[in-house]
Amino acid sequence: MRDAVDLSGQTVVVLGGSAGIGLATARHARAAGAEVILTGRDPARLAEAARDVGALRTAAFDATDFGRLEEFFAELPTPVDHVLVTAGGPYYAPLAEIDFERARSHLDGHLWLALRVAQLAVGKVRPGGTLLFVGGTGARRPAAGLAITAAMTAALPALVANLALEIAPIRVNLLAAGFVDTPLSASLLGDDLENRRAQLRETLPIGRVVEAGDVASLAVHLMTNTALTGATYDVDGGQQVVQR
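Okay, so let's go over this structure.

Conventions used here
Residues numbered from 1 in each chain as written. Predicted model: local features only at pLDDT ≥ 70, side-chain atom pairs only at ≥ 80, totals over all residues. Heavy atoms only, no water. Helix = DSSP H or I, 4+ residues; strand = E, 2+ residues; numbered from the N terminus. Rg over C-alpha atoms; globule rule 2.2 N^0.38 Å. Buried < 20%, exposed > 50% of the residue type's maximum accessible area, 1.4 Å probe, protein only. Contact = heavy atoms within 4.5 Å. Areas by Shrake-Rupley, 256 points an atom, 1.4 Å probe, with all protein chains shown as cover. Lys, Arg positive; Asp, Glu negative; His and termini not counted. Charge placed at Lys NZ, Arg CZ, Asp CG, Glu CD. Phe/Tyr/Trp six-rings, centres within 6.5 Å; stacked < 30°, edge-to-face > 60°. Pairing = 2+ DSSP bridges. Axes fitted to C-alpha atoms, helices over the stretch in contact; angles between N-to-C directions. Expected span 1.5 Å × (residues − 1). Arc of directions from axis to C-beta.

Some words on the overall build of the protein chain
Then comes step 1: When helices and strands are counted, the protein chain shows eight helices and seven strands.
Then comes step 2: At 17 Å, the protein chain has a C-alpha radius of gyration in line with the 18 Å of a compact globule built from 244 residues.
Then comes step 3: With respect to the principal axes defined by its C-alpha atoms, the protein chain has extents near 45 × 45 × 40 Å.
Then comes step 4: The buried share among the 244 residues of the protein chain stands at 47%.
Then comes step 5: Considering only contacts in the protein chain between residues 6 or more positions apart, those separated by 24 or more positions represent 71%.
Then comes step 6: Summed over its atoms, the accessible surface of the protein chain is roughly 11800 Å², and 53% of this surface lies on carbon and sulfur atoms.
Then comes step 7: Side chains of the protein chain give 21 positive and 26 negative charges; the mean places of these two sets differ by 3 Å.

Let's talk about the packing of aromatic side chains
Then comes step 1: Applying the stated criterion across every chain yields a total of two aromatic pairs.
Then comes step 2: When the ring of phenylalanine 72 is compared with that of phenylalanine 73, the centres are 5.7 Å apart and the planes differ by 85°; the resulting orientation is edge-to-face. The pair phenylalanine 72 / phenylalanine 73 is uniform in exposure class, with both members buried.
Then comes step 3: Each residue in the set Phe61, Phe72 and Phe73 is aromatic and connected to the rest through ring pairs, giving one cluster.

A closer look at the sheet that holds strand 6 (residues 171-177)
Then comes step 1: Within the open sheet, the seven strands sit side by side as 3-2-1-4-5-6-7. Their pairing is parallel. Edge positions in the sheet fall to strand 3 (57-60) and strand 7 (232-235), since each of these pairs with one other strand and no more. The mean angle between the axes of side-by-side strands here comes to 15°, regardless of whether they run parallel or antiparallel.
Then comes step 2: Summarising the sheet, strand 1 (residues 11-15) and strand 4 (residues 80-86) pair through four bridges and their orientation is parallel. From the neighbouring strand, leucine 15 faces strand 4, where its bridge partner is valine 85.
Then comes step 3: Here helix 2 (residues 43-53) sits on the sheet in contact with strand 2 (35-40) and strand 3, set at roughly 165° to strand 2.

Structural notes on helix 8 (residues 212-224)
Then comes step 1: Here helix 8 spans 19 Å end to end across 13 residues, near enough to the 18 Å set by a 1.5 Å rise per residue.
Then comes step 2: Looking only at helix 8, the buried set comprises Ala212, Val215, Ala216, Ala219, Val220, Leu222 and Met223. Down the axis of helix 8, the buried set is contained in an arc of 155°. They therefore lie on one face.
Then comes step 3: In this structure, the buried residues of helix 8 make contact with strand 1, helix 1 (20-31), strand 4, strand 5 (125-136), strand 6 and strand 7.

With respect to the environment of arginine 197
Then comes step 1: By the element assignment, arginine 197 lies in helix 7 (residues 193-203).
Then comes step 2: Placed 16 residues apart in sequence, arginine 197 and aspartate 181 show a C-alpha to C-alpha distance of 8.2 Å.
Then comes step 3: With sequence-adjacent residues up to four places away left out, arginine 197 is seen in contact with Asp181 and Val209.

Now the structure itself:
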């Protein structure tokens, strides 16, 4: 019989925990008995999320402000058990229209943030604890306008595998999400959201749209399963195995 997930007495830090996958993971972690520490850019939304989950503490800042990020880690109680990093949204633009400032910001919020958090996790995350990143699957197939996001989609699994060796015994894993029904998805798709939901219900093998809680459930499992490190786990409802 499978044991229930138990995070009693543990502390989970969620960078980007005020909405979507981050907030869902905080809820799951709390339900499993953990204390949670949340960060987010928007102070009002972060405060609401903190009330929702009964957060131990919060910090409102942009995680790509690496000076503030370093201060945040320095102020954390030691040790913490698990850190989840939810990345920002994808950046889509054809080559001729790439805004290099926005593209650089995208790199900051994915590749460089992951590296900086990994550095800061050493000495703060207990041995055997986890560092989890959230990436995506949607740009694995080449298409016009996907160059920046595709580069990050390809880079993150390699980065995670290397980090798992460099900062062991801290475990490092990547959650690669397909379309997830979150406020971010709604903001990206706008009026096309319902059409996309309907399309996925028709085409995905699971017959429904992936929710933030689906990703959060796997995140908490990765926190508790101490045999898992250096790997990428797709959470896309089977999107990778069906024709788009």
